[in-house]
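Chain by chain, the residues:
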Amino acid sequence: MKKRFHQKRSGWFRALKRLLVIRYKEPRFVYLGERVTSGGIIVSNHVGTDAPLSMELYFDRPIRFWGAHEMNSGLIKLYKYQTRVYYHERKHWNLHLARLFCLLASPLTYIFYRGLRLISTYHDARLIKTLNESLAALREGDNIVIFPEDSSEGYLDELKGFFGGFLMLADHALRRGIDAPIYVTYFRKRDLVYFIDKPILYSELRADGASREELAERLVKRCNALGKLDPADFPAEKPQGAPVA
């Protein structure tokens, strides 16, 4: 029997995750190239909570997530962000309903994010903290999972674009001797398939001198192309073993 893979999480958080498999079923991971190993940057569509939790529960490689600092900076900030930005602006809930729902949801979310060891992201000078914490994680063998899509109109099947800021991590790492492989991925909720493209080293991605915005555009086009693939065209692989913890 295949040994279960365990993310580097605390014991209480592993127990909590076992309850989530009732809601989030194991997807099929379809690799178009080499399997993810360690020290890479994984970019993905978001699909609300479905893509992050599918990866957290079932992916069999070490990962750390990037996430908005409001989700990791205290209960009051999380409540405000979750009601207005996540549920109202992105998932298009009625604002009053979102506020009422988050009276219960936000405390639970706060506990969950603490256990997740989320790497907080910022839009000011504190971004250097994000980059340094991420660099340390890469050196420890973790893969950094980033959801850079433009979700101003909600979480769409056809992504509008990627914000190029996540490539600052690849630049930061390369200047310090780490040429991180980039994995473009796409989670398709309707049939529970997670497509994972073949990796490309960041040095190769930027070899033609393209700007950060141009690179982000290439990557989002590839992400959308993955979402149109037919999983039947790829041979079945052995299941990852439902890591859960």
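Residues numbered from 1 in each chain as written. Predicted model: local features only at pLDDT ≥ 70, side-chain atom pairs only at ≥ 80, totals over all residues. Heavy atoms only, no water.

### Some points on the packing of aromatic side chains
- Per the stated rule, a full pass over the model turns up 14 aromatic pairs.
- Through successive ring pairs, a cluster of aromatic residues spans Tyr86, Tyr87, Trp93, Phe101 and Tyr155.
- Positioned over the ring face of Tyr24 is Arg23, at 4.1 Å from the centre of the ring. (Phe/Tyr/Trp six-rings, centres within 6.5 Å; stacked < 30°, edge-to-face > 60°. Lys NZ or Arg CZ within 6 Å of the ring centre and 35° of its normal.)

### Describing the nonpolar core
- In terms of nonpolar packing, the biggest core is built from 35 residues, with Ile41, Trp66, Ile144, Phe162, Phe166 and Leu169 touching the most fellow members.
- Per element, the largest residue contribution to this core is six residues, and it comes from helix α8 (residues 212–226).
- Setting aside residues up to four positions removed in sequence, Ile41 forms contacts with Ile144, Ile146, Leu169, Ala170, Ala180, Pro181, Ile182 and Tyr183.
- Judged by nonpolar contacts, the second largest core, of 27 residues, contains Leu53, Leu57, Phe59 and Tyr194. (Core = buried A, V, L, I, M, F, W, Y, C linked by side-chain atoms within 4.5 Å. Buried < 20%, exposed > 50% of the residue type's maximum accessible area, 1.4 Å probe, protein only. Helix = DSSP H or I, 4+ residues; strand = E, 2+ residues; numbered from the N terminus. Contact = heavy atoms within 4.5 Å.)

### Details of the pairing of strand β5 (residues 143–146)
- Residues Asn143 and Val145 point to one face of β5 and Ile144 and Ile146 to the other, with burial holding for every one of them.
- With three bridges joining them, strand β3 (residues 63–68) and β5 adopt parallel strand pairing. Within β5, the residue paired with Arg64 across the bridge is Ile144. (Pairing = 2+ DSSP bridges.)

### Some words on helix α6 (residues 167–174)
- Most of α6 sits out of view: six of its eight residues are buried.
- Taken residue by residue, α6 has Leu167, Leu169, Ala170, Asp171, His172 and Ala173 as its buried positions.

### A look at the packing of helix α1 (residues 11–20) against helix α4 (residues 95–116)
- Remark: α1 packs on α4, axes separated minimally by 10 Å, with the N-to-C direction vectors making an angle of 120°. Considering the angle they form, α1 stands oblique to α4. Judged by the twist between their axes, the crossing of α1 over α4 is left-handed. On α4, the residues that touch Trp12, Phe13, Leu16 and Leu20 of α1 are Ile111, Phe112, Gly115 and Leu116. (Axes fitted to C-alpha atoms, helices over the stretch in contact; angles between N-to-C directions. Parallel < 35°, antiparallel > 145°, perpendicular 65-115°, else oblique. Left-handed = near helix turned anticlockwise from the far one by under 90°.)

### Some words on the pattern of salt bridges
- Considering all chains together, one arrives at 17 salt bridges under this definition.
- Note that Glu56 is salt-bridged to Arg9, the shortest N-O span being 2.8 Å. With Glu56 in helix α2 (residues 50–58) and Arg9 in the segment before α1, this residue pair connects regions lying 47 residues apart in the sequence.
- Since its relative accessible area comes to 1%, Glu56 is described here as buried.
- Between Asp60 and Arg35 there is a salt bridge, with the nearest N and O atoms lying 3.4 Å from each other. Placement of the pair is Asp60 in the loop between α2 and β3 and Arg35 in the loop between β1 (28–31) and β2 (41–43), with a sequence separation of 25 residues.
- Taking the relative accessible area as the measure of exposure, Asp60 reaches 5% and is therefore buried.
- A relative accessible area of 30% means that Arg35 is categorised as partly exposed.
- Overlapping salt bridges, with partners in common, bring together Arg9, Lys17 and Glu56 in one network. (Salt bridge = Lys/Arg side-chain N within 4 Å of Asp/Glu carboxyl O.)

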